[in-house]
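# Structure at a glance
In case you want the letters, here they are:
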Protein chains: 2
Amino acid sequence: MQNQLVLTAAVEREDALRYTPAGLPVLEMWLRHQSRQREAGFERDVSCEVQALLIGEAARKFSGSLAGKMVTVSGFLSQRSLRNPRLVLHIEHVEFVKG
Amino acid sequence: MQNQLVLTAAVEREDALRYTPAGLPVLEMWLRHQSRQREAGFERDVSCEVQALLIGEAARKFSGSLAGKMVTVSGFLSQRSLRNPRLVLHIEHVEFVKG
(Lines give C-alpha, C1' and ligand atoms only; values in the text may rest on other atoms or scores of the structure.)
Protein backbone atom coordinates (compact mmCIF):
# COMPACT_ATOMS: atom_id res chain seq x y z
CA MET A 1 0.00 0.00 0.00
CA GLN A 2 2.42 2.63 -1.23
CA ASN A 3 1.75 6.31 -0.75
CA GLN A 4 4.77 8.53 -1.12
CA LEU A 5 5.19 11.95 -2.66
CA VAL A 6 8.59 13.60 -3.14
CA LEU A 7 8.25 17.26 -4.09
CA THR A 8 10.63 20.19 -4.53
CA ALA A 9 8.75 23.41 -3.88
CA ALA A 10 8.83 26.92 -2.46
CA VAL A 11 7.11 27.39 0.90
CA GLU A 12 4.61 30.08 -0.05
CA ARG A 13 3.08 30.45 3.37
CA GLU A 14 3.82 29.01 6.81
CA ASP A 15 1.27 29.22 9.60
CA ALA A 16 2.03 29.74 13.29
CA LEU A 17 2.77 26.55 15.24
CA ARG A 18 -0.37 25.07 16.77
CA TYR A 19 -1.11 22.02 18.91
CA THR A 20 -3.53 19.11 18.49
CA PRO A 21 -5.95 18.39 21.37
CA ALA A 22 -3.49 15.61 22.32
CA GLY A 23 -0.68 18.18 22.56
CA LEU A 24 1.23 17.34 19.37
CA PRO A 25 2.80 20.34 17.60
CA VAL A 26 1.45 20.95 14.06
CA LEU A 27 2.91 23.21 11.39
CA GLU A 28 0.73 23.89 8.37
CA MET A 29 2.12 25.28 5.13
CA TRP A 30 1.42 25.83 1.44
CA LEU A 31 3.93 24.64 -1.15
CA ARG A 32 4.23 26.00 -4.68
CA HIS A 33 5.86 23.65 -7.18
CA GLN A 34 6.97 24.56 -10.70
CA SER A 35 8.93 22.38 -13.09
CA ARG A 36 9.10 20.94 -16.56
CA GLN A 37 8.13 17.29 -16.95
CA ARG A 38 8.18 14.91 -19.88
CA GLU A 39 4.86 13.27 -20.76
CA ALA A 40 4.08 11.09 -23.79
CA GLY A 41 7.25 12.36 -25.46
CA PHE A 42 6.55 16.07 -24.92
CA GLU A 43 8.02 18.53 -22.42
CA ARG A 44 5.40 20.47 -20.46
CA ASP A 45 5.30 23.12 -17.76
CA VAL A 46 3.91 21.76 -14.53
CA SER A 47 2.66 23.85 -11.64
CA CYS A 48 0.72 23.05 -8.49
CA GLU A 49 -0.01 24.22 -4.99
CA VAL A 50 0.00 21.61 -2.25
CA GLN A 51 -1.23 22.10 1.29
CA ALA A 52 1.09 20.33 3.74
CA LEU A 53 1.30 19.45 7.44
CA LEU A 54 4.30 18.68 9.60
CA ILE A 55 3.35 16.97 12.86
CA GLY A 56 5.43 16.18 15.95
CA GLU A 57 8.87 17.36 17.07
CA ALA A 58 9.85 18.30 13.49
CA ALA A 59 7.03 20.88 13.50
CA ARG A 60 8.61 22.64 16.49
CA LYS A 61 12.09 22.34 14.97
CA PHE A 62 11.16 23.89 11.59
CA SER A 63 8.60 26.44 12.83
CA GLY A 64 9.46 29.95 11.66
CA SER A 65 12.24 28.78 9.33
CA LEU A 66 10.37 27.67 6.22
CA ALA A 67 8.44 30.59 4.71
CA GLY A 68 10.01 31.72 1.44
CA LYS A 69 12.47 28.81 1.36
CA MET A 70 12.91 26.16 -1.32
CA VAL A 71 12.60 22.65 0.10
CA THR A 72 12.40 19.05 -1.00
CA VAL A 73 9.83 17.27 1.13
CA SER A 74 8.62 13.69 1.22
CA GLY A 75 5.58 12.20 2.87
CA PHE A 76 2.15 10.70 2.24
CA LEU A 77 -1.08 12.15 0.83
CA SER A 78 -4.33 12.04 2.76
CA GLN A 79 -7.67 13.75 2.47
CA ARG A 80 -8.00 16.80 4.69
CA SER A 81 -10.70 15.25 6.91
CA LEU A 82 -13.56 12.74 6.81
CA ARG A 83 -15.77 15.35 5.15
CA ASN A 84 -13.20 17.33 3.16
CA PRO A 85 -11.64 15.40 0.24
CA ARG A 86 -8.96 18.04 -0.41
CA LEU A 87 -5.51 16.43 -0.64
CA VAL A 88 -2.99 17.30 2.06
CA LEU A 89 0.64 16.18 2.16
CA HIS A 90 1.76 14.84 5.54
CA ILE A 91 5.46 15.63 5.56
CA GLU A 92 7.84 13.02 6.96
CA HIS A 93 11.11 14.57 5.83
CA VAL A 94 12.25 18.12 4.99
CA GLU A 95 15.44 19.13 3.25
CA PHE A 96 16.42 22.69 2.34
CA VAL A 97 17.46 23.14 -1.30
CA LYS A 98 20.53 25.31 -1.79
CA GLY A 99 19.64 28.11 -4.21
CA MET B 1 12.81 19.90 -9.13
CA GLN B 2 11.42 16.60 -7.90
CA ASN B 3 7.77 15.74 -8.30
CA GLN B 4 6.96 12.09 -7.96
CA LEU B 5 4.05 10.29 -6.38
CA VAL B 6 3.91 6.51 -5.96
CA LEU B 7 0.46 5.33 -4.95
CA THR B 8 -1.26 1.95 -4.52
CA ALA B 9 -4.97 2.39 -5.07
CA ALA B 10 -8.18 0.92 -6.44
CA VAL B 11 -9.39 2.36 -9.76
CA GLU B 12 -12.85 3.53 -8.70
CA ARG B 13 -13.87 4.83 -12.07
CA GLU B 14 -12.35 4.80 -15.54
CA ASP B 15 -13.64 7.10 -18.29
CA ALA B 16 -13.91 6.25 -21.97
CA LEU B 17 -10.74 6.89 -23.99
CA ARG B 18 -10.67 10.39 -25.47
CA TYR B 19 -8.25 12.34 -27.64
CA THR B 20 -6.55 15.71 -27.21
CA PRO B 21 -6.92 18.27 -30.02
CA ALA B 22 -3.42 17.15 -31.09
CA GLY B 23 -4.63 13.56 -31.36
CA LEU B 24 -3.03 12.09 -28.22
CA PRO B 25 -5.10 9.42 -26.44
CA VAL B 26 -6.10 10.35 -22.87
CA LEU B 27 -7.51 8.05 -20.20
CA GLU B 28 -8.95 9.73 -17.11
CA MET B 29 -9.60 7.83 -13.89
CA TRP B 30 -10.29 8.20 -10.18
CA LEU B 31 -8.13 6.35 -7.68
CA ARG B 32 -9.15 5.47 -4.12
CA HIS B 33 -6.28 4.88 -1.70
CA GLN B 34 -6.57 3.44 1.80
CA SER B 35 -3.74 2.47 4.10
CA ARG B 36 -2.27 2.84 7.55
CA GLN B 37 0.68 5.20 7.92
CA ARG B 38 2.96 6.05 10.80
CA GLU B 39 3.15 9.74 11.74
CA ALA B 40 4.90 11.30 14.74
CA GLY B 41 5.06 7.86 16.38
CA PHE B 42 1.37 7.01 15.90
CA GLU B 43 -0.36 4.72 13.39
CA ARG B 44 -3.24 6.33 11.53
CA ASP B 45 -5.77 5.41 8.88
CA VAL B 46 -5.17 7.30 5.66
CA SER B 47 -7.65 7.64 2.85
CA CYS B 48 -7.77 9.80 -0.27
CA GLU B 49 -9.24 10.05 -3.73
CA VAL B 50 -6.90 11.14 -6.51
CA GLN B 51 -7.93 12.12 -10.01
CA ALA B 52 -5.45 10.76 -12.56
CA LEU B 53 -4.62 10.97 -16.27
CA LEU B 54 -2.78 8.58 -18.52
CA ILE B 55 -1.67 10.19 -21.79
CA GLY B 56 -0.19 8.65 -24.94
CA GLU B 57 0.09 5.07 -26.11
CA ALA B 58 -0.29 3.72 -22.56
CA ALA B 59 -3.78 5.26 -22.45
CA ARG B 60 -4.84 3.15 -25.43
CA LYS B 61 -3.12 0.06 -24.01
CA PHE B 62 -4.84 0.23 -20.59
CA SER B 63 -8.22 1.56 -21.73
CA GLY B 64 -11.07 -0.66 -20.51
CA SER B 65 -8.82 -2.77 -18.28
CA LEU B 66 -8.47 -0.64 -15.14
CA ALA B 67 -11.89 -0.09 -13.53
CA GLY B 68 -12.20 -2.03 -10.27
CA LYS B 69 -8.55 -3.12 -10.31
CA MET B 70 -5.88 -2.49 -7.69
CA VAL B 71 -2.82 -0.77 -9.16
CA THR B 72 0.41 0.85 -8.11
CA VAL B 73 0.95 3.96 -10.21
CA SER B 74 3.74 6.52 -10.33
CA GLY B 75 3.82 9.93 -11.91
CA PHE B 76 3.83 13.66 -11.23
CA LEU B 77 1.25 16.00 -9.72
CA SER B 78 -0.03 19.05 -11.56
CA GLN B 79 -2.92 21.41 -11.17
CA ARG B 80 -5.92 20.53 -13.32
CA SER B 81 -5.63 23.65 -15.48
CA LEU B 82 -4.50 27.26 -15.34
CA ARG B 83 -7.73 28.22 -13.59
CA ASN B 84 -8.45 25.03 -11.64
CA PRO B 85 -5.98 24.33 -8.80
CA ARG B 86 -7.30 20.80 -8.17
CA LEU B 87 -4.43 18.30 -8.05
CA VAL B 88 -4.27 15.68 -10.80
CA LEU B 89 -1.79 12.82 -11.03
CA HIS B 90 -0.18 12.40 -14.45
CA ILE B 91 0.58 8.69 -14.55
CA GLU B 92 3.90 7.60 -16.05
CA HIS B 93 3.82 3.96 -14.97
CA VAL B 94 1.06 1.47 -14.11
CA GLU B 95 1.46 -1.90 -12.43
CA PHE B 96 -1.37 -4.25 -11.50
CA VAL B 97 -1.28 -5.43 -7.88
CA LYS B 98 -2.00 -9.11 -7.42
CA GLY B 99 -4.88 -9.46 -4.94
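All of the points below concern the structure found in this document. Computed from a predicted model, the values in this text were never measured in an experiment. Numbering of residues starts from 1 in every chain and runs along the sequence as written. As a convention, the first chain written is A and the first ligand written is 1, with the rest following in written order. Note on the predicted model: pLDDT of at least 70 is required for a residue's local features to be given, and 80 or more for side-chain atom pairs to be given and counted; whole-chain, interface and lining totals, by contrast, use all residues. Where side-chain values are given, they derive from all heavy atoms of the structure, hydrogens and water being excluded.

## With respect to the side chain of histidine 90 of chain A
With respect to the secondary-structure elements, histidine 90 of chain A resides in strand β6 (residues 87-96). Whenever a nitrogen or oxygen atom comes within 3.5 Å of another N or O atom, the pair is scored as a polar contact, on the condition that within protein one atom can donate a hydrogen and the other can accept it, and that pairs from neighbouring residues in sequence are kept only if both atoms are in side chains. Polar contacts involving the side chain of histidine 90 of chain A include one to the side chain of glutamate 39 of chain B, which spans 2.7 Å. Note on contacts: a residue pair is in contact if any heavy atoms of the two residues lie within 4.5 Å. In this structure histidine 90 of chain A touches Leu53, Ile55, Ser74, Gly75, Phe76 and Ser78 of chain A together with Glu39 and Arg44 of chain B, once residues within four positions along its chain are discounted. Each helix corresponds to a stretch of at least 4 residues labelled H or I by DSSP, and each strand to a stretch of at least 2 residues labelled E; elements are numbered beginning at the N terminus.

## Side note on the relation of the copies chain B and chain A
Superposing copies: least-squares fit, C-alpha atoms only, residues required to have pLDDT of at least 70 in both. Aligned on chain A, chain B shows an RMSD of 0.0 Å; the corresponding rotation is 180° and the shift along the axis is 0.0 Å. The transformation just described matches what one would write down for a two-fold rotation axis. Among all residues of chain B, the minimum C-alpha distance to the rotation axis is found for leucine 5 of chain B, at 2.1 Å. Both copies present the same face, since 100% of the interface residues in chain B are matched by interface residues at the equivalent positions in chain A.

## Points about the interface of chain B and chain A
The partner chain A presents 35 residues to the 35 residues of chain B that form the contact. When chain B packs against chain A, the two sides together hide about 3,000 Å² of surface, and 59% of this comes from carbon and sulfur. Together, Met1, Gln2 and Leu87 of chain B form the three largest contributors to the area buried by chain B at its contact with chain A, with a combined 19%. One speaks of a salt bridge when a side-chain nitrogen belonging to Lys or Arg is within 4 Å of a carboxyl oxygen belonging to Asp or Glu. Run the count over chain B and chain A and you get 0 salt bridges. At the junction of chain B and chain A, the tally comes to 10 residue pairs in polar contact (both at pLDDT 80 or more). Elements that contribute at least two residues to the side of chain B that touches chain A include exactly β1 (3-14), β3 (25-39), β4 (42-55), β5 (70-79) and β6 (87-96) of chain B. Take the side of chain B that touches chain A: its biggest share by element is 8 residues, from β4 of chain B. Tallied by class, residues from the side of chain B that touches chain A come to 15 nonpolar, 14 polar and 6 charged. As judged from the 5 bridges shared by strand β1 (residues 3-14) of chain A and β1 of chain B, these two strands associate in the antiparallel manner. Across the sheet, the residue bridging to leucine 7 of chain A is asparagine 3 of chain B, located in β1 of chain B. The term buried area means the drop in 1.4 Å probe accessible area that two parts suffer when joined, counted for both and summed. Any residue that is not Ala, Val, Leu, Ile, Met, Phe, Trp, Tyr, Cys, Pro, Asp, Glu, Lys or Arg is counted as polar, Gly included; the first ten are nonpolar and the last four charged. Here, strands pair whenever DSSP counts at least two bridges between them.

Fair warning: the whole summary comes from geometry, so function is off the table for now.
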